[in-house]
Amino acid sequence: MVFETPPKSLGTLDDFWWRWVSDFGAPGPDRGLGGKYLLLPPDYAGPVPEGGFYVAHSRTTRVMILGRSFLENNDPKPAVETIKATAKVYPYEAGGVGTSVAEFLSGKMMLGKVSEPPATVFHEGSGVVVNTIPAGDFGAFELINKVVQQEPATALDPELMGSLAAIGIIKGKEFSPDERMKGILTEAAALANATSRSLFMKPRAADWFYYPGSAWFNFLFVTGSEFETPIPEITREGAKPFPPTGYRTLNGRTAFFYGVTGITPAMAMRVPGIGSQYLFNALDADKNYFDGAKTYKVTLPKGIPEANFWSLTLYDNQTRSMLDTPQRYPRAGSQSYPSPAAEADADGSTTVYLSPTQPAGVKRGNWIQTDPKKGWFAILRLYSPLEPFFTREWRPSEIQVVN
């Protein structure tokens with residue numbers, strides 16, 4: 001299929017086992033100008049166009065498109081209009097656009113139709129309730145089986161397919177465990193859910209934490225986006241890759257996909273001005289889990305290192321979805337949409353309060369509402385991060401209890 005991307009976007013394509021296929025937008029080959037991506041299915045041996053497309057191969061027959069466009073002057077309308085005018089998804093016509101007549105005359109390619117692609121249909125999702133929470137019980141195995149059945153048997157490595165086969169999930173066969181096995185799998189899912197939550201909420205590996213003695217962490221710098229080799233150092237001479245470690249950092253991969261959706265090298269690179277960087281935080285300054293009934297504050301020093309925008313967002317510990325409160329938008333940031341922007345203090349630093357009720361004297365943009373009945377964790381996002389973030393010259397404060 002063909003995916004035409006809008007300009008000024010940032011995104012990635014992952015397959016149905018959450019493996020990276022290609023970036024698009026600023027970190028991709030179109031470098032933010034927009035372009036045509038040709039996505040080829042597993043074991044594709046057919047003709048490929050001479051040019052005009054960025055070609056990517058997927059190991060699954062379906063891919064997920066995860067993309068972002070940016071506000072202009074705190075207004076989403078220009079980005080929405082650009083997406084609707086330029087983003088397209090349609091079948092690839094072999095021998096059509098991208099194939100010259102000379103290629104046909106050489107006998108290497110048949111000519112295909114050249115026609116306008118069908119109109120892309122956009123569905124309004126604002127305000128629509130959608131459950132995106134992965135199953136944490138026996139239903140998790142039913143979802144895995146669904147993907148195994150819809151994808152080629154070779155979409156996963158034999159080692160992983162062997163583990164699935166051992167519990168009855170086999171391509172082309174019905175998954176129907178007896179009550180004994182169903183009980184074992186139900187217990188296993190609960191244990192896996194608790195283990196994954198612990199790995200994400202309270203890492204033990206000291207090198208996962210971004211600053212010495214801090215609770216802010218991002219393990220992608222250590223594991224890389226493939227959870228195997230640390231991300232390259234960037235020097236004036238260029239990128240300096242680390243040698244392969246030869247092993248998968250399974251704790252890192254488990255923690256990441258428990259708390260985050262989608263993977264791309266753009267989330268794990270030290271290149272200023274491109275992509276995005278995240279810092280996670282699940283513990284206060286005293287290394288205790290966050291209590292939704294308490295008041296906390298965090299200070300971001302002057303010169304927040306981003307060229308696009310920054311955002312601090314709170315998430316529910318249980319669902320890993322944004323915290324659901326009457327405030328609606330559990331974030332503070334540099335943008336004034338969809339809620340007021342955070343305001344800096346006289347010294348240029350920005351202090352954000354996190355509490356069930358808005359503290360006296362604190363402006364709306366500098367307050368994120370919490371739920372007294374729920375725990376939470378935070379993600380600080382920097383879009384188009386700048387060099388002081390990578391050199392660690394800039395460092396946010398720990399999140400401290402106020403009362």
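Notes on the structure in this doc start here. (Residues numbered from 1 in each chain as written. Predicted model: local features only at pLDDT ≥ 70, side-chain atom pairs only at ≥ 80, totals over all residues. Heavy atoms only, no water.)

Details of the overall build of the protein chain
Spelled out, the test is: Each helix is a run of DSSP H or I of at least 4 residues and each strand a run of E of at least 2, with the numbering of both proceeding from the N terminus. C-alpha atoms define the radius of gyration in this analysis, and the globule rule sets the expected value at 2.2 Å times the number of residues to the power 0.38. Relative accessibility thresholds used throughout: buried, under 20% of the residue-type maximum; exposed, over 50%; partly exposed, between the two (1.4 Å probe, protein chains only). Throughout, a contact is declared for two residues whenever any of their heavy atoms are within 4.5 Å. Accessible surface area values rest on a Shrake-Rupley calculation with a 1.4 Å probe, where residue burial reflects the displayed protein chains alone. Counted as positive: Lys and Arg. Counted as negative: Asp and Glu. His and the chain ends are not counted at all. A single reference atom marks each charge: NZ on Lys, CZ on Arg, CG on Asp, CD on Glu.
Across its full length, the protein chain holds 8 helices and 18 strands. Computed over its C-alpha atoms, the radius of gyration of the protein chain comes to 23 Å, within 12% of the 22 Å expected for a compact globule of 403 residues. Viewed in the frame of its principal axes, the protein chain has a C-alpha envelope of about 75 × 60 × 45 Å. Out of the 403 residues belonging to the protein chain, those deemed buried represent 41%. Long-range pairs, those at least 24 residues apart, make up 67% of the contacts in the protein chain between residues at least 6 apart in sequence. Taken as a whole, the protein chain presents about 21100 Å² of accessible surface, with 55% of it coming from carbon and sulfur. In the protein chain, which carries 39 positive and 41 negative side-chain charges, the distance between the mean positions of the two groups comes to 2 Å.

Some thoughts on the sheet that holds strand β7 (residues 88-90)
The cut-off we apply is this: Two strands are counted as paired when DSSP detects at least two bridges linking them. Axes here refer to lines fitted to C-alpha atoms; in helices the fit is confined to the stretch in contact. Angles between the N-to-C directions go from 0 to 180 degrees.
With mixed pairing, the 4 strands of this open sheet are ordered in space as β5-β4-β1-β7. Because the sheet does not close on itself, it has two edges, and the strands there are β5 (54-57) and β7. Ignoring strand direction, the axes of neighbouring strands in this sheet form an average angle of 20°. Pairing geometry for strand β1 (residues 2-4) and strand β4 (residues 36-40), over 3 bridges, is antiparallel. Paired with Val 2 across the strands is Leu 38, a residue of β4.

Structural notes on a nonpolar patch on the surface
Counted only if it meets this: Each patch is built from salt-bridge-free residues with over 30% relative accessible area, joining like charges within 9 Å and nonpolar side chains (Val, Leu, Ile, Met, Phe, Trp, Tyr) within 5 Å. Any carboxyl oxygen of Asp or Glu within 4 Å of a side-chain nitrogen of Lys or Arg constitutes a salt bridge here.
A surface patch of nonpolar side chains, amounting to about 530 Å² of accessible area, comprises Val 101, Phe 104, Leu 105, Met 110 and Leu 111. Mapped onto the secondary structure, Phe 104 falls in helix α2 (residues 101-105).

A word on the sheet that holds strand β16 (residues 367-369)
Taken together, the 4 strands give an open sheet; going across it, the order is β16-β15-β12-β18, and neighbouring strands pair in mixed fashion. Both outer strands of the open sheet, β16 and β18 (400-401), are each paired with one neighbouring strand and no more. By the bridge criterion, 2 bridges tie strand β12 (residues 296-300) to β18 in an arrangement that is antiparallel. Bridging from a neighbouring strand, Lys 297 pairs with Gln 400 of β18.

Observations concerning the packing of helix α5 (residues 179-201) against helix α7 (residues 250-259)
The condition that has to hold: Here the word oblique covers every angle except those under 35 degrees (roughly parallel), over 145 (roughly antiparallel) and from 65 to 115 (roughly perpendicular). Amino acids outside the nonpolar list (Ala, Val, Leu, Ile, Met, Phe, Trp, Tyr, Cys, Pro) and the charged list (Asp, Glu, Lys, Arg) are all regarded as polar, and Gly is one of them.
Contact geometry for α5 and α7: axes closest at 8 Å, N-to-C directions at 95°. By the angle between their directions, the pair α5 and α7 is classed as roughly perpendicular. Every residue of α7 that contacts α5 at Asn 193, Ser 196, Arg 197, Leu 199 and Phe 200 is listed here: Asn 251, Thr 254, Ala 255, Tyr 258 and Gly 259. Residue classes in the contact of α5 with α7 are distributed as 4 nonpolar, 5 polar and 1 charged.

A short note on the side chain of Thr 60
The condition that has to hold: For the purposes of these results, a polar contact is taken to be a pair of N or O atoms within 3.5 Å, where, inside protein, one atom must be able to donate a hydrogen and its partner to accept one; residues adjacent in sequence count only when each atom of the pair is a side-chain atom.
Here Thr 60 is to be found in the loop between β5 and β6 (63-69). Only 2.6 Å separates the side chain of Thr 60 from the backbone oxygen of Arg 62, close enough to count as a polar contact. When residues no more than four places from it in sequence are discounted, the contact partners of Thr 60 are Asp 15, Phe 16, Trp 17, Arg 19, Pro 42, Glu 151 and Ala 155.

Topic: the nonpolar core
Soluble, globular proteins show a tendency: their nonpolar side chains are buried together. In plain terms, the rule: What we call a nonpolar core is a set of buried Ala, Val, Leu, Ile, Met, Phe, Trp, Tyr and Cys residues that are connected through their side-chain atoms within 4.5 Å.
Core analysis: the biggest nonpolar cluster contains 54 residues, and Leu 312, Leu 354, Trp 376 and Ile 399 have the highest contact counts within it. Of the residues forming this core, the biggest block, 7 residues, is contributed by strand β17 (residues 375-385). When near neighbours in sequence (up to four residues on either side) are disregarded, Leu 312 contacts Trp 216, Val 298, Pro 330, Arg 331, Ala 332, Val 352, Leu 354, Ile 368, Ala 378, Ile 379 and Leu 380. Listed in part, the 10 residues of the second largest apolar core include Phe 138, Val 148, Leu 164 and Leu 185.

Considerations on α5
We count it as follows: A helix's residues, less one, multiplied by 1.5 Å, set its expected span.
Given a rise of 1.5 Å per residue, 23 residues ought to cover 33 Å, and the 33 Å separating the end C-alpha atoms of α5 matches this to within 8%. The set of residues buried in α5 consists of Leu 185, Ala 189, Ser 196, Arg 197, Leu 199, Phe 200 and Met 201. Elements in contact with the buried residues of α5: α3 (139-150), α7, β10 (276-281) and β17.

What to know about the pairing of strand β3 (residues 20-25)
For β3, a buried count of 5 out of 6 residues is recorded, marking the element as mostly surrounded by other parts of the structure. One ladder, built from 5 bridges, connects strand β2 (residues 9-15) with β3; its direction is antiparallel. Along β3, the bridge assignment pairs Leu 13 with Ser 22. Hairpin connection, β2 to β3: the antiparallel pair is bridged by 4 residues, and Trp 18 has positive phi, about 55°.

As for the environment of Gly 35
Counting through the fold element by element, Gly 35 comes out in the loop between β3 and β4. Residue Gly 35 is classed as buried on the basis of its relative accessible area of 16%. Considered as a pair, Gly 35 and Leu 160 are 125 residues apart in the sequence and their alpha carbons are 35 Å apart. Ignoring anything within four residues of it in the chain, the contact list for Gly 35 reads Phe 3, Glu 4, Thr 5, Asp 30 and Tyr 54.

What about the packing of aromatic side chains?
Definition in use: Ring geometry is summarised as follows: Phe, Tyr and Trp rings, the Trp one being its six-membered ring, pair when their centres sit within 6.5 Å, and such pairs are stacked at plane angles under 30 degrees, edge-to-face over 60 and tilted between the two.
What the rule picks out here adds up to 31 aromatic pairs. Arranged with centres 4.8 Å apart and planes meeting at 15°, the rings of Tyr 210 and Phe 389 form a pair that is stacked. In this pair, Tyr 210 sits in the loop between α5 and α6 (220-223) while Phe 389 sits in helix α8 (residues 387-390), placing the two residues 179 residues apart along the sequence. Tyr 210 sits in the buried class, given a relative accessible area of 4%. Taking relative accessible area as the criterion, Phe 389 reaches 0% and is therefore assigned buried. Plain terms: the ring middles of Phe 227 and Phe 257 are 5.8 Å apart, the flat faces sit at 55° to each other, and that makes the pair tilted.

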